[in-house]
Amino acid sequence: MDRDLVERAQRGDRDAFAILARTHGDRLMRIAQRILRDVGRAEDAVQQTLVIAWRELPSLRDPARFEAWLQRLLVNASYAEARRWRSWSANIRVLPVDGPAGPDEAMSVDDRDRLERGFRRLPPDQRAILVFTHYLGLAPAEIADRLGIPVGTARSRLHYAHRAMRAAIEADERPVAVAGGRPQ
Amino acid sequence: MTDQRDLDRLLGAFFAEGTDELADRVLNAALEEIDKTPQRQPARVPWRFSTMNTFARVAAAAVLALVAVGATLYLVGLRQPPAVGSSPTPSASAPVASTTSSAVPSVAREFAYIVGDSRTGQQLWIANMDGTGAHELIPGLAQELNPGLGGNPQAPAWSSDGTRLVFTWAPSVGDDPVLGPMFGAARFYLTDASGKAPQLVDTGCVAPCVGDTDPAFSRDGTHLVFVRTKLVPPESSSPEPGSGKVNSDRDASYLATIDLASGRVTELPSTTVLDCPLFPGQHAPLIGNCGGFADHDPRWSPDGTQIVFTQDVPYDINGPASRDINGMPPPRPFPGASLFVVDADGQNLHQISPDVVKDTCCRSADWSPDGTQIVFERTTPPAPILNPGKGTGYTVVFIADVYTVRPDGTDLVRVTSDANSMDPSWSADGRIFVSSATGLWIMDADGSNATQLSPPPLLMAHWPISAPAAAMTADNLNP
């Protein structure tokens with residue numbers, strides 16, 4: 001169905017594009033919100049993505065790759081949104097993720113706080129690679145294809161992102177040195 | 001210690017939480033915006049061979065064959081040199097260079113070049129050797145390679161048989177409020193004269209590598225030489241006030257080669273140059289306006305044994321070229337550049353810039369088809385001119401001309417003298433391409449018979465390079 005809609009939208013059919021936008025909008029929002037950790041910023045990124053997708057759709061060579069292309073647009077829009085947002089590392093507040101967050105036996109509140117802090121310190125490209133890996137369940141080769149980067153780059157970003165997240169968790173587990181050298 | 005399984009579990013749970021729906025108001029706002037937004041149609045090139053049907057291809061081939069026969073008869077019968085253009089001005093004292101078309105059996109068919117700069121956006125264009133048929137090679141390239149953000153193709157270079165064209169792709173990552181347009185890790189793509197879908201060359205640039213640029217083919221087409229930029233750790237573990245050392249990363253730039261069949265990359269550490277320190281955690285210079293020390297424009301010699309390239313070097317602070325109009329030195333290490341030749345295995349690095357141009361810029365070097373000469377752009381003097389009322393801002397006034405020199409640094413010959421000639425490259429028939437503010441030109445190796453190619457648009461055209469060519473030119477202007 002997508003292919004037919006994409007081809008119609010490529011020819012300027014706005015109704016077809018509206019159906020595509022409604023079909024893919026939720027998924028785009030989930031990805032953007034998980035990269036940016038902010039609903040408002042994620043909404044801006046998705047909106048930007050949809051407008052750019054409409055404008056550039058005629059240049060898409062293979063309609064079957066529409067969803068991957070859309071996700072790549074979204075990641076780029078998220079990068080741009082992140083650059084406009086100058087508080088990646090400053091003023092980190094430990095907030096629950098926007099939206100409902102029910103109890104989860106797999107993760108304690110402390111774990112979530114540590115992960116949140118660690119994740120917010122990551123540059124956008126490493127955030128995206130973690131979301132594509134652990135939320136969308138894609139392998140590095142699939143991510144590389146989707147984001148248009150070499151496989152080695154995808155693996156490298158994932159490696160550094162994992163290392164940073166692991167460090168964030170373990171840093172909070174270590175005792176904090178205070179004057180006098182006594183652990184607190 | 002958190003093992004990978006624990007981390008995977010935690011991250012899976014972490015990302016499972018969050019918003020699941022796009023609000024209707026957001027979707028509706030996007031659709032309203034779309035109603036006001038026209039679609040951008042990729043430019044079509046109706047005469048591109050790959051898009052023609054069979055009948056059109058046969059007809060086009062027949063026409064091309066007739067034109068080729070006619071052109072050959074014309075050239076054989078007349079050998080008429082093209083009209084001399086008004087600019088660039090060839091040097092009156094320039095001796096005739098030894099390179100002649102007889103040294104090269106092949107005839108260039110077309111040339112590629114870049115239109116625009118990094119601020120206006122750049123496009124990869126191609127034209128016939130007489131300047132006709134100019135068109136953007138891959139319409140919509142920027143959006144295809146980096147949807148939504150775009151980027152710039154740079155530094156095209158052909159394989160010697162003219163069947164492959166490689167170029168640097170600098171993906172945009174948006175504008176920084178302070179630093180302006182920002183670009184991500186540069187990489188290479190391969191295409192051909194028909195503009196077929198660009199194919200990524202995976203050079204394995206992963207951290208601490210931050211980008212690969214300026215690719216050029218070896219003569220046999222099996223390897224690329226390129227410039228790799230890598231982040232290197234701080235000089236010291238803590239700041240040492242007054243020592244000149246900083247606790248900061250910095251870029252190192254050096255040459256590397258890749259075997260296109262195996263993907264094996266060989267680095268040439270002898271060619272390394274260090275750039276200015278960077279802000280911790282950011283790829284931006286720590287010292288205002290400091291930056292730009294790197295290698296550029298590597299080109300394999302026709303016999304494959306040597307590589308010529310440009311390396312930025314600090315100016316002699318006491319030299320006349322490093323003073324502004326008030327006689328004051330610039331407040332920062334301002335890069336000059338010099339020509340170097342190194343063996344293909346990284347041995348025997350030596351500077352070849354002649355003494356007379358030692359303290360000025362030499363860029364965009366390219367071997368002559370027979371390997372006996374190197375053409376380059378000499379920019380003199382790149383003295384920064386203080387901009388009154390603009391803080392410490394400097395305007396750099398470049399006066400650029402094209403010269404040739406032998407690989408041993410002797411026999412310097414001035415090819416142009418209009419103070420506005422850049423990006424020289426040698427065409428396969430022994431002539432020299434030059435870029436200037438008046439467009440692209442081609443001339444004999446001594447500067448005579450200058451002909452304006454005039455492919456539209458005339459302005460802001462750079463890096464002309466013919467296919468096939470004995471050697472290629474590349475990005476050098478840091479626009």
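Residue indices begin from 1 for each chain and proceed along its sequence in written order. Just so you know, chain letters begin at A and ligand numbers begin at 1, following the order they were written in. Since the coordinates come from a predicted model, pLDDT governs what is reported: local features require at least 70, and pairs of side-chain atoms require 80 or more to be given and counted, while whole-chain, interface and lining totals use all residues.

Draft legend 1. Region of interest: the overall build of chain B. Working definition: helices are DSSP H or I runs of at least four residues, strands are E runs of at least two. Numbering for both runs from the N terminus. Broken down by element type, chain B carries four helices and 27 strands. The exposure label follows from counting other C-beta atoms within 10 Å of a residue's C-beta, where the C-beta atoms are placed from the backbone and the thresholds are 20 or more for buried and 12 or fewer for exposed, leaving partly exposed in between. Buried residues in chain B amount to 44% of all 479 residues. Contacts here follow a simple rule: the backbone-placed C-beta atoms of the two residues must lie within 7 Å. For chain B, contacts bridging at least 24 residues in sequence account for 58% of all contacts bridging at least 6.

Draft legend 2. Spatial organisation of the interface of chain A and chain B. Contacts between the two partners involve 59 residues from chain A, matched on the other side by 47 residues from chain B. With twelve residues, the single largest contributor to the side of chain A that touches chain B is helix α2 (residues 14-36) of chain A. Polarity classes work like this: nonpolar for Ala, Val, Leu, Ile, Met, Phe, Trp, Tyr, Cys and Pro, charged for Asp, Glu, Lys and Arg, and polar for all others, with Gly in that last group. For the side of chain A that touches chain B, the per-class residue count stands at 30 nonpolar, 13 polar and 16 charged.

Draft legend 3. Quick look at the environment of Ala 9 of chain A. All names here are of chain A. In this fold, Ala 9 is placed in helix α1 (residues 2-10). Its 27 C-beta neighbours within 10 Å are what place Ala 9 among the buried residues. Taking C-alpha positions, Ala 9 is 7.8 Å from Trp 54, a pair spaced 45 residues apart along the chain. Filtering out sequence-adjacent residues up to four positions away, Ala 9 remains in contact with Ala 16, Phe 17, Leu 20 and Leu 57.

Draft legend 4. How the structure looks around the sheet that holds strand β24 (residues 432-436) of chain B. Residues and elements named next belong to chain B. Pairing is antiparallel in the open sheet, where four strands are placed in the order β23-β24-β25-β26. Each end of this open sheet is capped by a strand with a single partner; those strands are β23 (422-426) and β26 (451-452). For two strands to be treated as a pair, DSSP must find at least two bridges joining them. One ladder, built from two bridges, connects strand β25 (residues 439-443) with β26; its direction is antiparallel. Across the sheet, the residue bridging to Ile 442 is Thr 451, located in β26.

Draft legend 5. Representation of the packing of α1 of chain A against α2 of chain A. Residues and elements named next belong to chain A. The N-to-C vectors of α1 and α2 enclose an angle of 135 degrees; their axes lie 7 Å apart at closest approach. Of the possible angle classes, the one that applies to α1 and α2 is oblique. Here α1 and α2 pass one another in a crossing that is left-handed. Between α1 and α2, the contacting residues are Asp 2, Leu 5, Val 6, Arg 8 and Ala 9 on the first element and Ala 16, Phe 17, Ile 19 and Leu 20 on the second. In the contact of α1 with α2, the residues fall into seven nonpolar, no polar and two charged. Here an axis means a line fitted to C-alpha atoms, over the contact stretch when the element is a helix, while the angle between two N-to-C directions is reported on a 0 to 180 degree scale. Orientation categories follow fixed angle ranges, with anything under 35 degrees roughly parallel, anything over 145 roughly antiparallel, 65 to 115 roughly perpendicular, and all other angles oblique. It is the rotation of the near helix from the far one that decides the hand of a crossing: anticlockwise by less than a right angle makes it left-handed, clockwise makes it right-handed.

Draft legend 6. Quick peek at the confidence of the model for chain B. All names here are of chain B. In this model, chain B carries an average pLDDT of 71, and 59% of its residues clear a pLDDT of 70 or more. Scored below 50 in pLDDT, residues 317-327 shows 27 contacts in the model against residues more than four places distant or in partner chains. A residue's pLDDT is the predictor's confidence in that residue, given on a scale from 0 to 100. Throughout residues 355-359 the model reports pLDDT below 50, and contacts reaching past four residues in sequence, or to other chains, amount to ten contacts. ipTM for the predicted complex: 0.81, alongside a pTM of 0.60.

Draft legend 7. Representation of the nonpolar core. Defined on buried residues, the nonpolar core groups Ala, Val, Leu, Ile, Met, Phe, Trp, Tyr and Cys residues joined through C-beta atoms within 7 Å. Ranked by internal contacts, the top residues of the largest apolar core, which has 76 residues, are Ala 112, Trp 125 and Ile 432 of chain B. By size, the runner-up hydrophobic cluster in this structure holds 59 residues, among which are Leu 36, Leu 130 and Ala 161 of chain A together with Leu 27 of chain B.

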